[in-house]
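# Chain and residue survey
This is what each chain is made of:
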Amino acid sequence: MKNTYQVLKDSLLTYYKYGIIGNWVRIDASTLCQLECPICPHQKKGAMDKIGYGYLTFYNFKKFVDTHQSIKNIELSGYGEIFLNPMLLDIIRYAFKKGINLSAINGVNFNSVSEEVLEAMVKYRFRSICISLDGSTGDTYKVYRKGGNFSQVIRNIELINKFKTIYKTDFPILIWQFIIFGHNEHELSIARKRALELNMIFSPRFNWEPSFSPIKNKELVRKQVGAASEKEWAQKKTQPYLPHCLNLWASPQINWDGKLLGCCVNHWGDFGNVFESGLKKCLKSEKYIYARKMVLNKKPPRDDISCYYCPYYKNNNRMNLLRMFYGASPITMLFRIIRNKLYF
Ligand code: SF4
């Protein structure tokens, strides 16, 4: 109860100060990656130009945390692999000291993690990690996760579970993210079972680029996850499959070098630099305010706003966002926010 009260208090303070619902931001800890997954933006010519390759320094992390004290949840995963950040250990330790919940829900490949970092994640109560494992065998896994080692990932998961037993904690919560392709759909049920054995939440996801290894057996996938595509899922649930635009209001994305990107999809432009000007100034900038209105269809498209180039904007996903914001009851919204802040 005390925890819920604190979450509400921090959330109200953050809304008052920054106009963010909740007290969560995303800072990409690393845009470096060692794998070569075929449809990742890293493989697309020019896609990483604005974001660049690098990692969040401890200096910038500390400065951000010290100057934005009502922010209590920071998501670290984004366009790269957070474990390639050589300062991650210092970041985890400092976050714990300052009462900040860290998470990596966007996804990690979990191939190269030192034992020291694995232990620190347990010891300092890292909240949750979403591990990309698109298969239940090494052969299937490496069709998409090129350069990855399935057995090594499983070893890292087992090691983190060992530390969780030693430190007697449920954190970090582990999520097995399984992107459904044509080449791995037959392993969905085996992977689900394996996830349970490893004390992980199983989270199947649809491929964002269905032209690569498209689903072959739609009925099988429907049986396993309730729908056979993002579109089908969204129609059934009458809400966007992944409401990325919501980041603009609930968890603004910051690049590793401080550029405010707004959401985890944007790689076309920025809204100023948070490490230089502070979060408040960037979130209150004319362009950011305009982007929010543009996404909600309250302002016409403008080509100096990143959303203009985004497929989600072009596909009119904003109408779904509108429904989600104004259609959901305030009680449901509040419940979702509290639940996410407490557990993830
Ligand atoms: S339209 Fe695209 S870039 Fe803009 S907030 Fe939504 S997902 Fe992000």
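Here, every reference points to the structure presented above.
The rules behind these values
Residues numbered from 1 in each chain as written. Predicted model: local features only at pLDDT ≥ 70, side-chain atom pairs only at ≥ 80, totals over all residues. Helix = DSSP H or I, 4+ residues; strand = E, 2+ residues; numbered from the N terminus. Rg over C-alpha atoms; globule rule 2.2 N^0.38 Å. Buried ≥ 20, exposed ≤ 12 C-beta atoms within 10 Å, placed from the backbone. Contact = placed C-beta atoms within 7 Å. Pairing = 2+ DSSP bridges. Near = placed C-beta within 6 Å. Nonpolar A, V, L, I, M, F, W, Y, C, P; charged D, E, K, R; others polar. Right-handed = clockwise from strand over helix to strand, strands pointing away. Axes fitted to C-alpha atoms, helices over the stretch in contact; angles between N-to-C directions. Parallel < 35°, antiparallel > 145°, perpendicular 65-115°, else oblique. Left-handed = near helix turned anticlockwise from the far one by under 90°. Core = buried A, V, L, I, M, F, W, Y, C linked by C-beta atoms within 7 Å. Arc of directions from axis to C-beta.

### Points about the overall build of the protein
Regarding its fold elements, the protein presents 16 helices and eight strands. At 20 Å, the protein has a C-alpha radius of gyration in line with the 20 Å of a compact globule built from 344 residues. C-alpha atoms of the protein, sized along the principal axes, occupy 50 × 45 × 45 Å. Within the protein, the fraction of its 344 residues that count as buried is 39%. Put simply, 71% of the contacts in the protein that link residues at least 6 apart link residues at least 24 apart.

### Digging into the sheet that holds strand E6 (residues 200-206)
One open sheet accounts for eight strands, arranged E6-E5-E4-E3-E2-E1-E7-E8; its pairing is mixed. This sheet does not close on itself; its edge strands, each paired only once, are E6 and strand E8 (260-262). Where strand E3 (residues 101-108) meets strand E4 (residues 128-132), three bridges bridge the pair, whose relative direction is parallel. Opposite Val108, over in E4, you have Ile131 as the bridge partner.

### A short note on the site of the ligand
In the region of the ligand, 13 residues are neighbours, and Cys245, Cys263, Cys307, Cys310 and Tyr313 sit closest. Class assignment of the residues belonging to the shell around the ligand gives a composition of nine nonpolar, four polar and no charged.

### Focus: the pairing of strand E5 (residues 173-180)
Across the eight residues of E5, seven count as buried, placing the element largely inside the fold. Bridge analysis of E4 against E5 gives five bridges, and the strand direction is parallel. In the sheet register, Ile129 faces E5, and the bridge partner there is Leu174. With seven bridges joining them, E5 and E6 adopt parallel strand pairing. Within the sheet, the bridge partner assigned to Ile179 lies in E6 and is Arg205. The parallel pair E5 and E6 is bridged by helix H7 (residues 188-197), and the resulting crossover is right-handed.

### Regarding the packing of helix H4 (residues 115-123) against helix H6 (residues 150-166)
Where H4 contacts H6, the two axes come as close as 9 Å, and the packing angle between them is 45°. Between H4 and H6, the angle is such that the two are oblique. Handedness of the crossing formed by H4 with H6: right-handed. Taken together, the residues of H6 that come into contact with H4 (itself represented by Glu115, Leu118, Glu119, Met121 and Val122) are Asn156, Leu159, Ile160, Phe163 and Lys164. Residues that form the contact of H4 with H6 fall into these classes: six nonpolar, one polar and three charged.

### Brief notes about the nonpolar core
Within the largest apolar cluster, 77 residues are counted, with the highest numbers of intra-cluster contacts made by Ile27, Ala29, Val108, Ile129, Ile131, Trp176 and Phe178. For this core, the element with the highest residue contribution is E5, accounting for six residues. Setting aside chain neighbours within four positions, we find Phe178 in contact with Leu133, Asp134, Leu188, Ala191, Phe202, Ser203, Pro204 and Arg205.

### A closer look at H7
Every α-helix carries 3.6 residues per turn, so stepping three or four residues along brings you back to the same face. Buried residues of H7: Leu188, Ala191 and Ala195, and no others. Along H7, the residues classed as buried sweep out an arc of 65° about the axis, all on the same side. Exposed and oriented more than 90 degrees from the buried face of H7 are Lys193, Leu196 and Glu197. On its buried face, H7 sits against E5, E6 and helix H8 (218-225). Looking at the residues trailing H7, positive phi occurs at Asn199, about 60°.

### Re unusual backbone geometry
Each neighbour pair has its own omega, and for Phe171 with Pro172 the value is 0°, a cis peptide bond. With respect to the secondary-structure elements, Pro172 resides in the loop between H6 and E5. Positive phi is not limited to glycine here, since Arg125 has a value of about 55°. By secondary structure assignment, the location of Arg125 is in the loop between H4 and E4. Phi at Ser213 takes a positive value of approximately 45°, unusual for a residue other than glycine. Mapped onto the secondary structure, Ser213 falls in the loop between E6 and H8. Residue classification places Ser213 among the buried residues on the basis of 20 C-beta atoms within 10 Å.

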